[in-house]
Amino acid sequence: MSINSKNINMVNVAWAPDQPYNNIPTLPPKLDLETKAVLKQCIVARAALAELKQAAELIPGQGMLINTLPLLEARASSEIENIVTTSDKLFQHLHGQEEHADSATKEAIRYSHALLKGYVSLRDRPLNTSTAEAICSQIKGVEMTVRKDQFEATHPFTDGNGRTGRVLNSLFLIQENLLTLPILYLSRYIIVNKTDYYRLLLKVTTEQAWEEWLIYMLKGIEETAIWTVAKIRAIRILSEHTKEYVRLTAGKIYSHELVNLIFELPYCRIHNLDEAGIAKRQAASSYLKKLVSIGVLTENQVGREKLFIHPKLMQLLTREGNTFVPYQ
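Parameters at a glance
- Residues numbered from 1 in each chain as written.
- Predicted model: local features only at pLDDT ≥ 70, side-chain atom pairs only at ≥ 80, totals over all residues.
- Heavy atoms only, no water.
- Buried < 20%, exposed > 50% of the residue type's maximum accessible area, 1.4 Å probe, protein only.
- Helix = DSSP H or I, 4+ residues; strand = E, 2+ residues; numbered from the N terminus.
- 1 Å grid on protein atoms, 1.4 Å probe; cavity = no way out; pocket = protein on both sides within 12 Å on 5 of 7 lines; lining within 4 Å.
- Points joined across faces, edges and corners; volume = space filled by probe spheres on them.
- Nonpolar A, V, L, I, M, F, W, Y, C, P; charged D, E, K, R; others polar.
- Expected span 1.5 Å × (residues − 1).
- Contact = heavy atoms within 4.5 Å.
- Axes fitted to C-alpha atoms, helices over the stretch in contact; angles between N-to-C directions.
- Parallel < 35°, antiparallel > 145°, perpendicular 65-115°, else oblique.
- Left-handed = near helix turned anticlockwise from the far one by under 90°.

**Student:** Is there a simple way to think about unusual backbone geometry in this case?
**Tutor:** Across the chain, the bulk of peptide bonds are trans and the bulk of non-glycine residues have phi less than zero. For Asn82, which is not a glycine, the phi torsion comes out positive at approximately 65 degrees. Residue classification places Asn82 among the exposed residues on the basis of a relative accessible area of 57%. The phi dihedral of Gln208 falls on the positive side, at around 55 degrees, and the residue is not glycine. With respect to the helices and strands, the residue Gln208 is situated in the loop between helix H10 (194-207) and helix H11 (210-249).

Here you go:
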């Protein structure tokens, strides 16, 4: 979580961007954080997380979620730090030709890798300082360690603190068994409520207003969990609709694995089918072109490679609504 000079100068505080600010109280705060208001919001947020956890566990082929929702979180979390790219660019470059992506897209992709690597690391050890350093290093693309002087509140690193913190937030929920996958799209809530994010974060520093900040974040978890549950249900409905449509209109190429793959990889390549054991290269090309001919995929030539894009899924992932037009 970071605050730049523009955000801070919007309010009347004795702070200068070129001077150390040494009045930050030590942590943990001496205040009672478990107020009635906070505990009440905790109950609501926990219930929303429980519903999200169940929804994620029930969807067939969890690769649909692990390969899509964390990428949306990566884009939004990077945008909070003014590193702006698009979902299309991220999906296009995530599994191929990453070296040709622009710098913002590369940085957002590194965030996605950091989130997933942190998730895998929980199998071997709980969250610790080494985890944080590994995550920050992955995000920045260089070795990052906790600095030894001028340590700023939530800024243990010289850069990448906000994104590292948001990855750790997601991983903490998994460590505490409140979620099983890193699919909480919390940065979307922060972007929508960005003014309150900076205002309340600053009030923690200047006024020790912890209750307002905690309630803000807990409401974010609640609202995001509800939003994500609705999105997962919509993805599941589209998946079942797509399977039925492909089975009826292209039965010769239909397989459960093929349809699952185009949901796991909304930007699919011919070699992805080969690697998944679905079909060798020539047959894989034929399968994907057949899905194009019946309107399930679109084909784009990007440089030397062909991308087969799943437009209905991409629209579902990147737009607020959860409806889609059925296949004709």
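**Student:** Any chance you could explain empty space enclosed by the protein here in plain terms?
**Tutor:** Which parts of space are left empty comes out when a probe the size of a water molecule is rolled across the atoms. Under the counting rule described, the total for this entry stands at one cavity of 30 Å³ or more. There is about 40 Å³ of room inside the largest cavity. What lines the largest cavity is simply Asn67, Phe91, Leu94, His95, Glu264, Leu265, Pro266 and Tyr267. For the lining of the largest cavity, the class distribution of residues is five nonpolar, two polar and one charged.

**Student:** How should I be thinking about helix H6 (residues 103-121) in this particular structure?
**Tutor:** Two residues of an α-helix separated by three or four positions point the same way, owing to the 3.6 residues in each turn. The terminal C-alpha atoms of H6 lie 27 Å apart, and with 19 residues this matches the ideal 27 Å at 1.5 Å per residue to within 8%. Those residues of H6 not exposed but buried are Ala104, Thr105, Glu107, Ala108, Ile109, Tyr111, Ser112, Ala114, Leu115, Gly118, Tyr119 and Ser121. Tucked into the core, H6 has its buried residues touching helix H3 (63-66), helix H4 (69-80), helix H5 (87-94), helix H7 (129-140) and helix H8 (161-175).

**Student:** Is there a simple way to think about the packing of H5 against helix H15 (residues 311-318) in this case?
**Tutor:** Packed helix pairs are characterised by how far apart their axes lie and by the angle those axes make with each other. Between H5 and H15, the shortest axis-to-axis distance is 11 Å and the interhelical angle comes to 125 degrees. Taken as axis vectors, H5 and H15 run oblique relative to one another. As for the relative orientation of H5 and H15, their crossing is right-handed in sense. In this structure, H5 uses Ser87, Asp88 and Phe91 to contact H15, whose residues at the interface are Met314, Leu317 and Thr318.

**Student:** Please explain helix H12 (residues 256-264) as it appears in this structure.
**Tutor:** Restricting attention to buried positions, one finds in H12 the residues Leu258, Val259, Asn260, Leu261, Ile262 and Phe263. Where H12 is buried, its residues touch H3, H11, strand S1 (267-268), helix H13 (270-275), helix H14 (281-293) and H15.

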